[in-house]
Amino acid sequence: MRSARAIFGFLSFVAACALAPEVWSQSRAPSQHIVIAASTLLDGKGRVLRDTRIVIEGSRIVAVGPGSGPVDYDLRGLTVLPGWIDAHAHITWNFGPDGKNAGMNGTNAETAYQSASNAFVTLMAGFTTIQSPGSPTDIPLRDAIAKGLLPGPRILTAVDPLFGRGEQTGTEEEIRTFVRKQKEAGADLIKIFASQSIRQGGGMTLSQEQLNAACDEAKKQGLRTLVHAYKGAVRAATLAGCTQIEHGTLATDDDLQLMAARGTYLDPQAGLVIENYLQNKDKYLGTSGYTPEGFAAMEKILPLEHELVQHAVKIPGLKVVFGTDAVAGAHGRNAEEFIDRVRDCGVDPLAAMVSANSLGAEALGLGDRIGSIAPGLQADIIALDGDPLKDITAVRRVAFVMKEGVVFKNAARSAIPSYSGVQP
Ligand SMILES: [Zn+2]
């Protein structure tokens, strides 16, 4: 029985890879009817359901509840939940042929294949949606995945970010023009750098007026704004009406309370991004922006990041979403950030799951499409071998991945490797 299951899991995986276009296009037919059985289901909004079934027609969930009759995917014994959303992953950021950090703007064929691989391992790790803030190279990858030509998470991109450079950034009108230009280039959101890198001190690089102009223009264009901000820039971006703060390190409790009052989302990083830099130090050191001093600073920053998350979870009403800031070396290991948040920062495991499900979807403006297991929503469904509410390391053991009703992974439980980083 065990070996039969293992073979079935392997075959379905091979089928998904080798016959991808046929499998996907067939699976996209609206008549496709799939029933999943679950013994433990996290609905993405904080509820835990027992012994239930999910019925899927085409790409959508049509029913959730008790039932009988044939089952297509028996996920009993696993924990079933909505596909995760990573609010901040640089999906086209790679190492180059020399093994060194090559950034995220490469355009040759090798880079394109690496980016496709990043998307594949991210999806296999249970992430069915990511937000990339951002690079123009995101666009062809986003579009290929959306057309079903490549396996990967749904991608939202900022295209080119607005880099704060003080007065040199431009006048308010020039900033507004920049925002409109990103929209024309296909941006789903606007990314703004309002602080230097924390490795260089994290000082503010945009004035209040410049930030007001950027976030106001984005709003007029119907786009959300993600602001890379530390210290004082957190308050400034919140006052400017920007949608979400990235990182947020060294924000005070007053700043966090203001964010809660204004409904500004916070996307802090509790570990993966810095852990990944330290693990891949030789690949980053000496490349643009990565100095020995910067690396020395990173080790001191990690406890500050933990402190921020520890404070953030205690602020009533503050909406903390899940974002990893995954760069080269971290793709496919995004879920490590859950472990960092729960283990090192006192985040409740169920809240950690919701931060990457319904709350993450709400922050993307997609709460009515993804992030929950409920009738009418897209069938983005994953299953873990283990219960993350009891042992958060279960997030490493993703046994099943469905995106928009299409099964991309269905590994037999006995065959699930604890992934050790598929990234080349
Ligand atoms: Zn980033």
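Residues numbered from 1 in each chain as written. Predicted model: local features only at pLDDT ≥ 70, side-chain atom pairs only at ≥ 80, totals over all residues. Heavy atoms only, no water.

Trainee: A description of the packing of helix 7 (residues 232–239) against helix 8 (residues 253–262) should follow, citing residues and the corresponding values.
Mentor: Orientation of helix 7 relative to helix 8, taken along the N-to-C sense of each, is 20°, at an axis distance of 9 Å. Between helix 7 and helix 8, the interaxial angle falls into the category roughly parallel. Along this stretch, helix 7 crosses helix 8, giving a crossing that reads as left-handed. In this structure, helix 7 uses Val234, Arg235, Thr238 and Leu239 to contact helix 8, whose residues at the interface are Asp254, Asp255, Leu258, Met259 and Arg262. Residues that form the contact of helix 7 with helix 8 fall into these classes: four nonpolar, one polar and four charged. (Axes fitted to C-alpha atoms, helices over the stretch in contact; angles between N-to-C directions. Helix = DSSP H or I, 4+ residues; strand = E, 2+ residues; numbered from the N terminus. Parallel < 35°, antiparallel > 145°, perpendicular 65-115°, else oblique. Left-handed = near helix turned anticlockwise from the far one by under 90°. Contact = heavy atoms within 4.5 Å. Nonpolar A, V, L, I, M, F, W, Y, C, P; charged D, E, K, R; others polar.)

Trainee: Can you tell me about the sheet that holds strand 13 (residues 265–267), naming the residues and giving the values?
Mentor: One open sheet holds the five strands; their spatial order is 9-10-11-12-13, and the pairing between them is parallel. The open sheet has two free edges, formed respectively by strand 9 (162–163) and strand 13, since each of these has just one partner strand. Of the strand pairs in this sheet, strand 12 (residues 244–247) and strand 13 are connected by three bridges, and their pairing is parallel. When the sheet's bridge partners are listed, Gln244 is paired in strand 13 with Tyr265. The strands that helix 6 (residues 208–220) touches are strand 9, strand 10 (189–193) and strand 11 (224–229); relative to strand 11, the one it contacts most, it runs at about 150°. (Pairing = 2+ DSSP bridges.)

Trainee: Explain the sheet that holds strand 7 (residues 127–132) residue by residue, including any values.
Mentor: Overall, parallel pairing links the three strands, which are arranged 6-7-8 in an open sheet. Where the open sheet ends on each side, the last strands, each with one partner, are strand 6 (84–86) and strand 8 (154–157). Strand-to-strand twist of the sheet, defined as the mean angle between neighbouring strand axes without regard to direction, takes the value 15°. The pairing of strand 6 with strand 7 spans three bridges and is parallel. The residue of strand 7 that forms the bridge with Ile85 is Thr129. Relative to the sheet, helix 4 (residues 138–146) contacts strand 7 and strand 8, its axis offset from that of strand 8 by approximately 150°.

Trainee: Can you tell me about the packing of aromatic side chains, naming the residues and giving the values?
Mentor: With the rule as written, the count across this model stands at twelve aromatic pairs. With 5.6 Å between their ring centres and 70° between their planes, Phe95 and Tyr284 make a pair best called edge-to-face. In this pair, Phe95 is assigned in the loop between strand 6 and helix 3 (109–124) and Tyr284 in helix 10 (residues 281–284), connecting sequence segments 189 residues apart. Over the aromatic face of Phe95 sits the side chain of Lys283, whose NZ or CZ is 4.7 Å from the ring centroid. (Phe/Tyr/Trp six-rings, centres within 6.5 Å; stacked < 30°, edge-to-face > 60°. Lys NZ or Arg CZ within 6 Å of the ring centre and 35° of its normal.)

Trainee: Requested: an account of the layout of surface pockets, with residues and values cited.
Mentor: As a volume, the largest pocket reaches approximately 860 Å³. Lining the largest pocket are 41 residues, with Trp93, Phe193, Arg199, Tyr277 and Tyr290 positioned closest to its centre. Taken together, the elements giving at least two residues each to the lining of the largest pocket come down to strand 10, helix 9 (272–279) and helix 11 (292–312). (1 Å grid on protein atoms, 1.4 Å probe; cavity = no way out; pocket = protein on both sides within 12 Å on 5 of 7 lines; lining within 4 Å. Points joined across faces, edges and corners; volume = space filled by probe spheres on them.)

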